[in-house]
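# Structural description and commentary
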Amino acid sequence: DTGVSQDPRHKITKRGQNVTFRCDPISEHNRLYWYRQTLGQGPEFLTYFQNEAQLEKSRLLSDRFSAERPKGSFSTLEIQRTEQGDSAMYLCASSSAGTDTQYFGPGTRLTVL
Amino acid sequence: AQSVTQLDSHVSVSEGTPVLLRCNYSSSYSPSLFWYVQHPNKGLQLLLKYTSAATLVKGINGFEAEFKKSETSFHLTKPSAHMSDAAEYFCVVLLRDSSYKLIFGSGTRLLVRP
């Protein structure tokens, strides 16, 4: 069990650029979650997958955001035309279906200049 | 709707003294509750969870929490603080819809004075 990994750990970009983050869940976990954490706040749910199907998206996820999990393993989160308000920590978590414990990765810290 | 409220944004204790981090929850049914800890530049780590078994839950690193339905509380305690306990702590409730997503409180930053 190598845990949940995320790449990159840090990303600095200019406003208007596109960015993509990757999450590799624990290998036997079929549920994968994305959360966003802004400074001084708790994480907020963005979206989740069960296997390759994206089953729910938060209202926080504007149409500039897209997430995929093409083979039910790793997932990517892309932000198009980044804005300064997108600056945050993006967290990925995974769990087994029917269980309540989610295991988190170290996060990707995005800074939009 | 499920939610959690962490009553203190910052708590400061001296090393070796007890820790109390307060959390109240709101839930229309028996909740699943968690405490997670976040050290600087590290991911969220599960400290403990309550899922309707024993009301007193023991976690890692000497932490424990007591579920009190009558008070809708799930406070986190530790008898003796250690310098390494300094971190951000989140009280979390599980949303029991098809997603099983987590709803986080706003966090409590624990400072431990030498």
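Rules and cut-offs
Residues numbered from 1 in each chain as written. Chains lettered and ligands numbered in written order. Predicted model: local features only at pLDDT ≥ 70, side-chain atom pairs only at ≥ 80, totals over all residues. Heavy atoms only, no water. Disulfide = S-S within 2.5 Å. Helix = DSSP H or I, 4+ residues; strand = E, 2+ residues; numbered from the N terminus. Buried < 20%, exposed > 50% of the residue type's maximum accessible area, 1.4 Å probe, protein only. Contact = heavy atoms within 4.5 Å. Buried area = accessible area lost by both parts, 1.4 Å probe. Salt bridge = Lys/Arg side-chain N within 4 Å of Asp/Glu carboxyl O. Nonpolar A, V, L, I, M, F, W, Y, C, P; charged D, E, K, R; others polar.

## A look at the state of the cysteines
Under the definition given, this model contains 2 disulfides over all chains. The residue that forms a disulfide with Cys23(A) is Cys92(A), at a sulfur-sulfur distance of 1.8 Å. Taking the sign of the torsion about the S-S bond as the criterion, the disulfide between Cys23(A) and Cys92(A), at about -65°, is left-handed. With Cys23(A) in strand S3 (residues 19–24) and Cys92(A) in strand S9 (residues 88–95), the pair connects residues that are 69 residues apart, well separated along the chain. By the burial criterion, Cys23(A) is buried, and Cys92(A) matches it. The side chain of Cys23(B) participates in a disulfide bridge whose partner is Cys91(B); the two sulfur atoms lie 2.0 Å from each other. Looking along the S-S bond of the Cys23(B)-Cys91(B) disulfide, the torsion reads about -70°, which is the left-handed sense. A residue pair is termed long-range when its members are at least 10 positions apart, and Cys23(B) in strand S4 (residues 23–26) and Cys91(B) in strand S10 (residues 87–94) qualify at 68 residues.

## Examining the interface of chain B and chain A
Chain B puts 23 residues into the contact, and the matching count from chain A is 21 residues. Buried surface at the junction of chain B and chain A, summed over both partners, amounts to about 1,600 Å²; 50% is from carbon and sulfur atoms. Among the residues chain B hides against chain A, the three largest losses belong to Leu44(B), Tyr100(B) and Lys101(B). Together they make up 28% of the total. For the pair chain B and chain A, the interface holds 2 salt bridges. One salt bridge in this structure joins Glu56(A) and Lys101(B), with 2.4 Å as the shortest N-O distance. Put simply, the parts of the chain that give the side of chain B that touches chain A at least two residues each are strand S5 (33–38), strand S6 (44–50), S10 and strand S11 (102–104) of chain B. Residues belonging to the side of chain B that touches chain A are distributed by class as follows: 9 nonpolar, 9 polar and 5 charged.

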